[in-house]
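Spelled out, the chains give:
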Amino acid sequence: AGCIGIYSVFTGAVGLAWGAVSVGIARLMTGLGTGGEWPVGAAYLTDVVPARKRGFMMGLMQAGYPIGYFLAGLTFSLLTAAQFGWRAAYCVFIVPGVLAIPVLLALRESPAWLQMRQARRNAQGTAKTGTGLGFRELLKEGNLRPTIRGCVLQFGGNFYAWGINIWYPSALVYDFGLDKTQAAFMT
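Residues numbered from 1 in each chain as written. Predicted model: local features only at pLDDT ≥ 70, side-chain atom pairs only at ≥ 80, totals over all residues. Heavy atoms only, no water.

(A) Region of interest: helix 8 (residues 144-174). With 31 residues, helix 8 extends 42 Å between its outermost C-alpha atoms, agreeing within 8% with the 45 Å of an ideal straight helix rising 1.5 Å per residue. In this fold, the buried residues of helix 8 make contact with helix 7 (135-138) and helix 9 (180-186). (Helix = DSSP H or I, 4+ residues; strand = E, 2+ residues; numbered from the N terminus. Expected span 1.5 Å × (residues − 1). Contact = heavy atoms within 4.5 Å.)

(B) Structural context of the side chain of Ser-8. Topologically, Ser-8 is positioned in helix 1 (residues 2-15). The exposure class assigned to Ser-8 is buried, which follows from its relative accessible area of 3%. Excluding residues that lie within four positions of it along the chain, Ser-8 makes contacts with Ile-94, Gly-97 and Val-98. (Buried < 20%, exposed > 50% of the residue type's maximum accessible area, 1.4 Å probe, protein only.)

(C) Molecular detail of a nonpolar patch on the surface. Judged by side-chain polarity, Phe-135, Leu-139, Leu-144, Ile-148 and Val-152 come together as a nonpolar surface patch covering roughly 510 Å² of accessible area. Of all the elements, helix 8 adds the most residues to the nonpolar patch, at three residues. Secondary-structure assignment places Val-152 in helix 8. (Patch = residues over 30% accessible without salt bridge, like charges linked within 9 Å, V, L, I, M, F, W, Y side chains within 5 Å. Areas by Shrake-Rupley, 256 points an atom, 1.4 Å probe, with all protein chains shown as cover. Salt bridge = Lys/Arg side-chain N within 4 Å of Asp/Glu carboxyl O.)

(D) How the structure looks around the pattern of salt bridges. Using the criterion set out here, one finds one salt bridge in the structure. Ionic pairing is found between Glu-137 and Lys-140, a salt bridge with its closest N-O pair at 3.1 Å. Overall, Glu-137 belongs to the partly exposed group, its relative accessible area being 32%.

Nothing here speaks to function; it is geometry throughout.
See below:
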């Protein structure tokens with residue numbers, strides 16, 4: 001719920017921004033909120049959905065991104081056509097995040113996670129239970145090359161995803177001469 005709260009607050013802050021630096025900071029924080037919530041949601045989904053339905057449900061979850069992107073473009077188009085401007089769109093985009101918070105607060109921990117936590121508590125004092133890599137371990141010989149590969153792949157994926165979000169609509173307006181409503185519909 002905290003990550004969704006961060007996403008919501010800073011999405012609204014984009015609409016209240018006074019310059020490029022404040023927009024950049026607000027978008028960074030929006031991305032951190034999204035980046036913090038998505039893996040938690042994916043892990044939770046895999047814990048609570050039966051294995052035979054898991055692929056479908058993960059696909060449905062992934063489909064939410066382009067659907068949300070389409071709805072955001074439609075909302076932007078309608079608000080700019082009504083002369084409210086882009087700032088109003090960012091303020092409206094707070095609503096889905098705020099509506100998600102009570103849902104997230106009502107969720108209970110998954111049974112698989114609770115069992116794992118209990119097993120870890122039972123094993124404390126008798127054996128070291130950590131099996132994951134610490135941050136320093138990622139930079140040691142043998143792990144450094146896969147760590148760098150993973151970072152490069154993540155950077156490329158983020159560059160692509162944010163490029164679609166930020167560059168594409170601007171390119172339609174400034175490079176191809178579409179007005180903002182047409183660019184929103186195209187996007």
